[in-house]
Amino acid sequence: MFNYLIKIEYEGTNFVGWQSQKNGKSIQDSVEKALKKVLGTKIKIIGAGRTDKGVHAFGQSANFFCVKEIKDKYKFLGSVNFFLKENLISIINLSNKKLNFHARHNVKKKIYKYIILNRMTNSPLYQNRSWVIKKKLNFNNMKKGIKYFLGLHDFSAMRASSCSAKNPERTITKAQIRKKKNKITINFESKSFLQKQVRSMVGCLKYVGENKWKPERIKFVLKSRKRELCAPPAPPDGLYLEKVFY
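A short tour of the structure in this document, coming up. The model shown is predicted, which means the values in this text are computed figures rather than measured ones.

Let's talk about the environment of Ser 200
In this fold, Ser 200 is placed in helix α4 (residues 197-209). A sequence separation of 32 residues divides Ser 200 from Pro 232, and the C-alpha atoms of the two residues are 6.5 Å apart. Here Ser 200 is in contact with Met 158, Arg 227, Cys 230 and Pro 233, once residues within four sequence places are set aside.

So, helix α3 (residues 139-146)
For α3, the complete set of buried residues consists of Phe 139, Asn 141, Met 142, Gly 145 and Ile 146. Looking straight down α3, one finds that the buried residues subtend no more than 155 degrees of arc, so they occupy a single side. Against the buried residues of α3 lie β5 (109-117), β8 (169-180), β9 (183-190), α4 and α5 (217-224).

Describing the packing of aromatic side chains
All chains considered together, the criterion is met by 10 aromatic pairs. Note on Tyr 114 and Trp 131: the rings are 6.3 Å apart at their centroids and 80 degrees apart in plane angle, and the pair reads as edge-to-face. Here Tyr 114 is found in strand β5, whereas its partner Trp 131 is found in strand β6 (residues 131-132), with 17 residues between them in sequence. Taken together, the ring pairs in this structure connect Phe 2, Tyr 4 and Phe 64 into an aromatic cluster. Against the face of Phe 101 rests Lys 97, its NZ or CZ located 4.9 Å from the ring centre. Here Lys 109 stacks its cationic end above the ring of Phe 245, 4.6 Å away from the centre of that ring.

Considerations on the pairing of β9
Taken across its eight residues, β9 has seven buried, putting it largely inside the fold. Relative to β9, β5 is paired through eight bridges, and the arrangement is antiparallel. Residue pairing for β9: Leu 117 is matched across the bridge by Lys 183. In this structure, β8 lies alongside β9, joined through eight bridges in antiparallel fashion. If you follow Ala 175 over to β9, its bridge partner there is Phe 188. In textbook terms, the turn of a hairpin is the stretch between consecutive antiparallel strands, and for β8 and β9 this stretch comprises two residues, one of which, Lys 181, has a positive phi near 55 degrees.

Calculation rules
Residues numbered from 1 in each chain as written. Predicted model: local features only at pLDDT ≥ 70, side-chain atom pairs only at ≥ 80, totals over all residues. Heavy atoms only, no water. Helix = DSSP H or I, 4+ residues; strand = E, 2+ residues; numbered from the N terminus. Contact = heavy atoms within 4.5 Å. Buried < 20%, exposed > 50% of the residue type's maximum accessible area, 1.4 Å probe, protein only. Arc of directions from axis to C-beta. Phe/Tyr/Trp six-rings, centres within 6.5 Å; stacked < 30°, edge-to-face > 60°. Lys NZ or Arg CZ within 6 Å of the ring centre and 35° of its normal. Pairing = 2+ DSSP bridges.

Here it is, written out as structure tokens:
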């Protein structure tokens, strides 16, 4: 028996999310079907975490068990990606792991990235891959506001009502915001995130950037633990799972 770790890149616009669901096409289903065609047997993959409908990934990770040894890595990648290319999914790396390795349980940290285009017009290059905000944002206040997310907090105010996590506390180890011309990039690093947590944090930063909130309002909302006090979550279009660390 062999245990393989794959790194996956995808454009999530036309999917219901990472996890297999009855209500539409998922990333997981698409990858499993392609693996079955190449390996000749049913394959079940274990993702490092779920991404919601419309969310993208540069570096999602998943592992799977297979009786058959994959001897030629590049031939395997070429074959499986042949079946995935129309779905805008690509397996960009394959590595052999110990049998006790688990793509979700062994995660040390994850980085999510969010892209905002702060300009008056839409972008054909970033269509469905960014959040276009036409009103000029106060970037300096956003820089002040993002610091309130750092550290251990109860994120009850910033998670989806359907979130099934038992513990709402999460530790944000890095929170960065950068601007280059009209492109704003926001990065959050943590071992794990709650459902819609990142999008909710970005939504709060947008309110700060629009001067609807003062930066310190974020601290108040976190301490309140009340979802109704949180800003509306950012759309999924601009969100990317950047990297998973083991």
